[in-house]
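Here are the chains, one letter per residue:
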Amino acid sequence: PDVIIGLTACAGIFTKEIMSTMNKNCANMPIIFPLSNPTSRSECTAEEAQIATNGRAIFASGSPFPDVNFKGMTIVSSQCNNRFIFPGLALGAALGQTKKVTNSMINKAAEALVELLSIEDLEKRATFP
């Protein structure tokens, strides 16, 4: 696969072998999202993902991890959780006095967030600004 998303709360389930094989078979950069919380239950760490993929992984996690310095390059370890979308979405819904938050609203919020990524963010492989 090109993408693995962890929601298992099973620490270490994304093994070096799995991520290395994924990297070997991906034409593009592998996307690795261990989203379980807390950090101690994450499927892998940012450093493990970058080492296993030779620094190619696009990484975002549910728990905070430090950025990874790999062969002289700093690779951002993004935290992918509700802190980016939900506060703005809730404020917009409250100000708009809407009674329902639709899938379309959530999609538009996600699209707006992507537009905030700078060239510098993308160069460091950040998934969020």
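Right above here is the structure, for reference.
Residues numbered from 1 in each chain as written. Predicted model: local features only at pLDDT ≥ 70, side-chain atom pairs only at ≥ 80, totals over all residues. Heavy atoms only, no water.

Student: Account for the nonpolar core, with residues named and values stated.
Tutor: Grouped together as the largest cluster of nonpolar side chains are 16 residues, with contacts concentrated most on Ile4, Phe14, Met19, Ile32, Cys44, Ala49 and Phe59. When contributions to this core are tallied by element, the ones reaching two or more residues are helix H1 (16-25), helix H2 (46-52) and strand E4 (68-70). Beyond its immediate stretch of four places on either side in the chain, isoleucine 32 contacts Ile4, Phe14, Met19, Met22, Cys44, Ala49, Thr53, Ala57, Ile58, Phe59 and Ala60. In terms of nonpolar packing, the next biggest core, distinct from the first, is built from five residues, Ile85, Ala109, Leu113 and Phe128 among them. (Core = buried A, V, L, I, M, F, W, Y, C linked by side-chain atoms within 4.5 Å. Buried < 20%, exposed > 50% of the residue type's maximum accessible area, 1.4 Å probe, protein only. Helix = DSSP H or I, 4+ residues; strand = E, 2+ residues; numbered from the N terminus. Contact = heavy atoms within 4.5 Å.)

Student: Account for the packing of aromatic side chains, with residues named and values stated.
Tutor: Note on aromatic pairs: each is described by the distance of the centres and the angle between the planes. Using the criterion set out here, one finds one aromatic pair in the structure. Measuring from ring centre to ring centre gives 6.0 Å for phenylalanine 59 and phenylalanine 65, while their planes differ by 80°; the resulting arrangement is edge-to-face. For phenylalanine 59, a relative accessible area of 1% corresponds to the buried category. Using a relative accessible area of 13% as the deciding quantity, one classes phenylalanine 65 as buried. (Phe/Tyr/Trp six-rings, centres within 6.5 Å; stacked < 30°, edge-to-face > 60°.)

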